[in-house]
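One-letter residues, chain by chain:
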Amino acid sequence: MEFVIEAKNLSKTYSIGKDNKQTVLKDVNLQINKGEFVSIMGPSGSGKSTLLYTISGMDRMTTGSVVFQGKELSSLSEKELSSIRLHNMGFIFQHVHLLKNLNMFDNIILSAYLAKKRSHKKINEHALALMKQTGITEISKHDMTQVSGGQLQRVGICRALINNPDILFGDEPTGALNSKAASEIMELLTDINHAGTAILIVTHDVKVAAKTERVLYMYDGVMIGEKRLGKYAGDDKQREERLSNWLMEMDF
Ligand SMILES: Nc1ncnc2c1ncn2[C@@H]1O[C@H](COP(=O)(O)OP(=O)(O)OP(=O)(O)O)[C@@H](O)[C@H]1O
């Protein structure tokens, strides 16, 4: 199986003050295959977000290796890393931070204009297609104060997809939503994944993780288990049960 990103013996140590060090990722090995949808679960403070930020080059690893598109991320400069994040990776967060002086459409197209890879006409057409796919064409001209939380997350997803990333990273992408909006966002991410984009998310929510293909479990900076659920095809109840049983074994 061809992978889109691979981490080997990834470790991260934070220095807190002068003599105090905390190792929050310990020799983590992880491969995300092309087109795969993977989630990371684990107790609070186990290192899930740190793993997401380190593997995506948003934060520097202390030791180990992350290979993305044949490039070793630890050997790249900040400028090279930000170029990779702009052109080849998409990011969604629990809270969508938009530029408040821009409307929804302009927030979505901004990073594509900055990337300068396509004409403005092509970018605008792509943005419209994404807004249509995510069901938010009617809020195109709205500003941040005129949209719901679910709509805001859809804008965040369009913005993350505008440069056709090879992989989408999500840190609790449904964390700020009610269960109906969360479920709709997961249906959307499933469609995006089925169309070919690899996705790696961090979540606390069993219902969310049950819709992903493979669930990884972190404990105290160590990847202690994984559960393969296979591609999601609307089989919620049975998957949630399988996952919950496994999470109980993991002491979650
Ligand atoms: N910048 C930082 N400096 C020092 N310590 C940090 C920093 N960022 C995170 N940590 C510590 O690293 C550990 C792991 O944090 P992380 O946010 O990755 O965990 P998490 O599993 O995502 O937690 P949660 O589920 O609560 O979001 C925690 O003990 C946290 O305090």
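Now for a look at the structure at hand. Residue numbers here run from 1 along each chain, matching the order of that chain's written sequence. Side-chain atom pairs in this predicted model are given and counted only at pLDDT of 80 or more, local residue features only at pLDDT of at least 70, and totals for whole chains, interfaces and linings cover all residues. Where side-chain values are given, they derive from all heavy atoms of the structure, hydrogens and water being excluded.

1. Quick look at the packing of helix H3 (residues 104-115) against helix H5 (residues 149-161)
How two helices sit against one another is set out by the angle between their axes and by the gap between those axes. Whenever a helix is involved, its axis is fitted only over the stretch in contact; in every case the axis is a line through C-alpha atoms, and angles between N-to-C directions fall within 0 to 180 degrees. Only runs of H or I of at least four residues qualify as helices and only runs of E of at least two qualify as strands under DSSP, and these elements are numbered from the N terminus. One way to put it is that H3 packs onto H5 with a least axis distance of 7 Å and a crossing angle of 25 degrees. Judged on the interaxial angle alone, H5 and H3 are roughly parallel. Crossing of H3 against H5: the hand is right-handed. On H5, the residues touching Met104, Asn107, Ile108 and Ser111 of H3 are Val155, Cys158 and Arg159. Across the contact of H3 with H5, the residue classes tally to 4 nonpolar, 2 polar and 1 charged. Angle categories: roughly parallel below 35 degrees, roughly antiparallel above 145, roughly perpendicular from 65 to 115, and oblique for all the rest. Crossing handedness is read from the near helix: turned anticlockwise from the far helix by less than a right angle, it gives a left-handed crossing, and turned clockwise, a right-handed one. Residue contacts are counted whenever heavy atoms from the two residues lie within 4.5 Å of one another. Just so you know the grouping, Ala, Val, Leu, Ile, Met, Phe, Trp, Tyr, Cys and Pro go in nonpolar, Asp, Glu, Lys and Arg go in charged, and all remaining residues, Gly too, go in polar.

2. Focus on the sheet that holds strand E10 (residues 222-228)
Sheet strands line up and pair through hydrogen bonds in the backbone, either parallel or antiparallel. What the 6 strands build is an open sheet, ordered E6-E7-E8-E3-E9-E10; its pairing is mixed. Sheet topology places strand E6 (89-93) and E10 at the edges, where each strand pairs with a single neighbour. Across the sheet, the mean angle from the axis of one strand to that of its neighbour is 20 degrees, orientation sign disregarded. In this structure, strand E3 (residues 37-41) lies alongside strand E9 (residues 214-219), joined through 4 bridges in parallel fashion. Strands pair, by our definition, only if DSSP identifies at least two bridges between them.

3. A look at the site of the ligand
Near the ligand the following residues occur: Tyr14, Gln22, Val24, Pro43, Ser44, Gly45, Ser46, Gly47, Lys48, Ser49, Thr50 and His204. In this structure, Ser46 approaches the ligand through a main-chain N or O atom, which is 3.1 Å from an oxygen atom. His204 has a polar side-chain atom sitting 3.0 Å from an oxygen atom of the ligand. At the level of secondary structure, the elements contributing two or more residues to the shell around the ligand comprise strand E2 (20-33) and helix H1 (48-55). Considering each element in turn, the shell around the ligand owes the most residues, 3 residues, to H1. The nearness test applies per residue and asks whether one of its heavy atoms lies within 4 Å of the molecule or strand. Any pair of nitrogen or oxygen atoms within 3.5 Å is treated as a polar contact; in protein, a donor-acceptor pairing is required on top of that, and neighbouring residues in sequence qualify only through side-chain atoms on both sides.

Purely geometric numbers; function is a separate question.
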